[in-house]
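Structural overview for review
Now for the letters of each chain:
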Amino acid sequence: MSNEAQAQKISAGQGFIAALDQSGGSTPKALGLYGVTADAYGSDAEMFDLIHGMRARIAEAPAFSGDKVVGAILFEMTMDRDIAGKPTPTYMWEEKGVVPFLKVDKGLEAEANGCQVMKPMPELDTLCERAAAKGVFGTKMRSVISAANADGIRAIVAQQFMVGEQIISHGLMPIIEPEVTISIADKSEAEDILLAELTAALDALPANQKVMLKLTLPNTANQYQTLVNHPRVMKVVALSGGYSREDANAKLADNSGMIASFSRALTEGLSAQQSDAEFNDTIAGSIDSIYQASIAG
């Protein structure tokens, strides 16, 4: 896989990044929304087989291609499995023209100062080595901000950039994701603090380093415009964060230069019970609407 070609694909940003990285904790809910209830599987192995089937069905849909989907974030088990007889990262890039990323975080610590930093990742170096060998371009890791607490937000950003340096050392592009919970009363204040902390951390990066940012759609349109234009940022992508696809698309369209990286909003309306024709029509409509919102700015 050509790292330079993948970097150009993401930098140009004419499309969006599909988040296909539900982990063990979020998989049952994702399957439930897909019409697969808990009584359909009797073990974690069966559960992961079913979620891989859903992801493969999405990836194999005709509309899922690099024309509108520039990247896809994969769960570790997805990276290690095949789609249509090829390793998933290889299939994504060679068959679909979609740049593969990998979710690397192992979940969240308990809340402190209104925020949740990431749990330790002792196997990160090994995971990054495996990912790079499989042709993965970058990684994604998530923290959560649930209050406009400067100390908590500063700790999240510091940890994200520290781990980001470790990921960069393996030749991978880190997506830094400090998610702001959409339901909190002081969301706008949290976003102001986050903007200041991210700006300071980006300014401190060496001139030859870049990162990507995955941010909650902000209350104020173009809140993160300076980050979109920052020379140390390859791309700013938006998470749907619990907004419906319609609401997320509307908010995204108001933010110039940001593109989508939606998970639940992408799979909204898909069902295991749909025929292949119905499924492909539904995912095509979803992909087109998210694409249009991503290029609107």
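Report follows, based on the coordinates. Small disclaimer: the values here were computed from a predicted structure and weren't measured.

**Digging into the side chain of Ser143**
With respect to the secondary-structure elements, Ser143 resides in strand S7 (residues 138-145). Here Gln160 takes part through its side chain, which lies 2.8 Å from a polar atom of the side chain of Ser143.

**Some details on the layout of surface pockets**
Over the atoms rolls a probe the size of a water molecule, and its path tells where empty space is left. The computed volume of the largest pocket comes to approximately 690 Å³. Looking at the lining of the largest pocket residue by residue, the class counts come to 5 nonpolar, 10 polar and 10 charged. Taken together, Asn3, Ala7, Phe137, Ile168, Gly171, Leu172, Met173, Pro174, Asn208, Gln209, Lys210 and Met234 form the lining of the second largest pocket. Secondary-structure elements contributing two or more residues to the lining of the second largest pocket are helix H1 (3-12) and strand S8 (173-180). Across the lining of the second largest pocket, the residue classes tally to 7 nonpolar, 4 polar and 1 charged.

**What to know about helix H7 (residues 150-168)**
An ideal rise of 1.5 Å per residue puts 27 Å on 19 residues; H7 measures up with 27 Å between its terminal C-alpha atoms. Within H7, burial applies to Gly152, Ile153, Ile156, Val157, Gln159, Gln160, Phe161, Val163, Gly164 and Ile167. Buried residues along H7 sit in contact with strand S6 (115-116), helix H6 (124-133), S7, S8, helix H8 (187-203) and strand S9 (211-216). Sitting at the amino-terminal end of H7 is Asn149, which places a side-chain oxygen 3.0 Å from the backbone nitrogen of Asp151.

**Observations regarding the pattern of salt bridges**
The final tally for this structure, using the stated rule, is 17 salt bridges. Put simply, Lys86 and Glu95 hold a salt bridge, and the shortest N to O gap is 2.6 Å. The exposure class of Lys86 is partly exposed, given its relative accessible area of 27%. The partner of Lys103 in a salt bridge is Asp105, and the shortest N-O contact between them spans 3.0 Å. Salt bridges linked by common partners bring Glu76, Asp80, Lys106, Arg130 and Lys134 together as one network.

Cut-offs used in this document
- Residues numbered from 1 in each chain as written.
- Predicted model: local features only at pLDDT ≥ 70, side-chain atom pairs only at ≥ 80, totals over all residues.
- Heavy atoms only, no water.
- Helix = DSSP H or I, 4+ residues; strand = E, 2+ residues; numbered from the N terminus.
- Polar contact = N/O pair within 3.5 Å; in protein donor to acceptor, adjacent residues only side chain to side chain.
- 1 Å grid on protein atoms, 1.4 Å probe; cavity = no way out; pocket = protein on both sides within 12 Å on 5 of 7 lines; lining within 4 Å.
- Points joined across faces, edges and corners; volume = space filled by probe spheres on them.
- Nonpolar A, V, L, I, M, F, W, Y, C, P; charged D, E, K, R; others polar.
- Expected span 1.5 Å × (residues − 1).
- Buried < 20%, exposed > 50% of the residue type's maximum accessible area, 1.4 Å probe, protein only.
- Contact = heavy atoms within 4.5 Å.
- Salt bridge = Lys/Arg side-chain N within 4 Å of Asp/Glu carboxyl O.

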